[in-house]
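# Examining the three-dimensional arrangement
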Amino acid sequence: MLLAALVTLSGWPPAWIRTLPDAGEYRQFATGGPALVHNPYSERVLHPLIVRIVAASTGISIDAAFLAVALAMLAAFVFVIAMILRESGAPAVTIVPLMFTPLLVNQFERIYFQDLTQWTLIAIFFLALMRKRVWLALAMLFLAYLTRESTLILSLTVIGTGVVRRDARLAIGATLATVLAIVIASRFGARGLPNEHHVNEMVFLILKLPFEFGRNVLGLFVVPSSLAHTQGNQCAPILMFAVPRVLRFTGQKWVSYCGFRPEWPLNTFSQMAAVFGICPVVLLAIVRRRNVIRQALDVEWLTIALTYGVLAYLVGTSEGTWLDREIGSGWPAFWIALPALAAASRSLLPSTLGRLAVYNLIVSWMPHPVQWATHYSNLGLIVTILIALAFQFLAYPEVSTREETSGVVPVSA
């Protein structure tokens, strides 16, 4: 309740922001269905349908319905995470310094987006799996994919875990749930408008990852012909390459290279360093303990949370330009697996936990004031990275040098 109140008070929107990129697509979907919505937004069906149902059943405006759904999903998400932490043996109070971050607060700037809905469904998935209610977990996996296709990373993780652990019910069930969700989402997508590249959605997804990786991680300003006249992509090309005729099914006639943009990789690395505070380095310190990680990997739901969270955190660098959202989709590793593993090791003193909590709040909230003070420059990004690394340098020995006092992993119960 405290966390939900803090997030709500800190992030309450002074006005509904309809001008954010893509917000109009989701609002249009909730208002009139997928017919006038571009792909892939027309495939993200569940969230706008929930909003439409809420608006129709209560008589409130569609914008108020978006806000109401955001509030309900925030409360549900925090409640489910609290239940997971309690049942995994983590101290309940850790939820506040762990999750009271801009990543969660900023969701109120994006009430038209489906993040909180997807996160809530994934949280219920882990709670159900934790309680060995596999069919409920698979239902949540199905609904999460209908909310956003990035759930495919979770699906592949679940299928892979099921195969490795020889859990046929989990592997086959996750495969069927994902395939069914893909079919339904594609049916809705077929009723909408084509994407901006006018290319098959599967081809779009295959090309998107290397394209965004080149931009966000390598800083390469590459502009395909389909984006040449869009905002932020207009440039004087240094080099231009014609796409071979055999590859023009991708919708591109040429690709231009416009130079190196250091601010893009700096922004990516600053987000990776700060969006989850000091959680990445604390997780690294804990998983290096062989007893803890070996016993934790015997727990199926924890294995999936850790693996999926790390994959989503890394792949998020190459999924789009809203990096806090994309990298932030790795939250299960840091908000579920990390406190469960810390509780399993039982080696952190209350004073240590207190210092780590302060470090975490400082690092996660520090980027905006630093950027403001440095006029949102590359210098500000570099300072952000250095400050984050400094606190992580302080945090790592706090965790790695503690002796384990218990070989029991309570999360396996």
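Attention here is on the structure that accompanies the text. (Residues numbered from 1 in each chain as written. Predicted model: local features only at pLDDT ≥ 70, side-chain atom pairs only at ≥ 80, totals over all residues. Heavy atoms only, no water.)

### Some points on the overall build of the chain
Our working rule: Only runs of H or I of at least four residues qualify as helices and only runs of E of at least two qualify as strands under DSSP, and these elements are numbered from the N terminus. Throughout, radius of gyration means the C-alpha value; the globule benchmark is 2.2 Å times the number of residues raised to the power 0.38. The buried label applies to any residue whose accessible area, calculated with a 1.4 Å probe on protein chains only, is under 20% of its type's maximum; exposed applies above 50%, and partly exposed to all values in between. Two residues form a contact once any of their heavy atoms are found within 4.5 Å. To be clear on the numbers: accessible area is Shrake-Rupley with a 1.4 Å probe, and residue cover counts the displayed protein chains and nothing else. Positive charges come from Lys and Arg, negative ones from Asp and Glu, while His and the chain ends are left out of the count. Where a charge lies is defined by one atom per residue type: Lys uses NZ, Arg uses CZ, Asp uses CG and Glu uses CD.
The number of helices and strands found in the chain is 20 helices and 3 strands. Computed over its C-alpha atoms, the radius of gyration of the chain comes to 22 Å, within 12% of the 22 Å expected for a compact globule of 413 residues. Structurally, the chain occupies a C-alpha span of about 65 × 50 × 45 Å along its principal axes. The buried share of the chain, reckoned over its 413 residues, is 54%. Of the contacts made within the chain by residues no fewer than 6 positions apart, 74% connect residues no fewer than 24 positions apart. Carbon and sulfur atoms make up 68% of the accessible area of the chain, which totals about 18800 Å². Seen as two clouds, the 29 positive and the 21 negative side-chain charges of the chain have centres 3 Å apart.

### Description of the sheet that holds strand E1 (residues 220-224)
The condition that has to hold: DSSP calls a pair of strands paired once it identifies at least 2 bridges connecting them. To obtain an axis, a line is fitted to C-alpha atoms, over the contacting stretch when the element is a helix, and the angle between two such axes runs from 0 to 180 degrees between their N-to-C directions.
Sheet architecture is open: 3 strands sit in the order E1-E3-E2, paired in antiparallel fashion. Strands with a single pairing partner mark the edges of an open sheet, and in this sheet they are E1 and strand E2 (239-242). Strand-to-strand twist in this sheet, taken as the mean axis angle between neighbours without regard to direction, amounts to 20°. As paired elements, E2 and strand E3 (residues 254-260) share 4 bridges and run antiparallel to each other. Bridge pairing links Phe241 to Val255 in E3.

### A few points about the environment of Ile159
Secondary-structure assignment places Ile159 in helix H9 (residues 152-164). Along the backbone, Ile159 and Gly380 are 221 residues apart, and their C-alpha atoms lie at a distance of 41 Å.

### Quick notes on empty space enclosed by the protein
Counted only if it meets this: The definitions used throughout rest on a 1 Å grid laid over the protein atoms alone, on which a cavity is an enclosed set of points accommodating a 1.4 Å probe that cannot get out and a pocket is an open set flanked by protein within 12 Å on both sides along at least five of seven lines; lining residues are those having an atom within 4 Å of a point. Grid points are joined across faces, edges and corners, and a volume is the space filled by probe spheres set on the points. Under the grouping applied here, Gly and all other residues not named as nonpolar or charged are polar, the nonpolar ones being Ala, Val, Leu, Ile, Met, Phe, Trp, Tyr, Cys and Pro and the charged ones Asp, Glu, Lys and Arg.
Considering all chains together, one arrives at 1 cavity of 30 Å³ or more under this definition. The volume enclosed by the largest cavity comes to roughly 60 Å³. Taken together, His47, Val69, Ala70, Met73, Gln107, Arg110, Ile111, Phe113, Asp115, Leu116 and Thr117 make up the full set of residues lining the largest cavity. Those elements that place two or more of their residues in the lining of the largest cavity are helix H4 (62-88) and helix H7 (115-130). Each residue belonging to the lining of the largest cavity can be placed in one class, and the counts come to 6 nonpolar, 3 polar and 2 charged.

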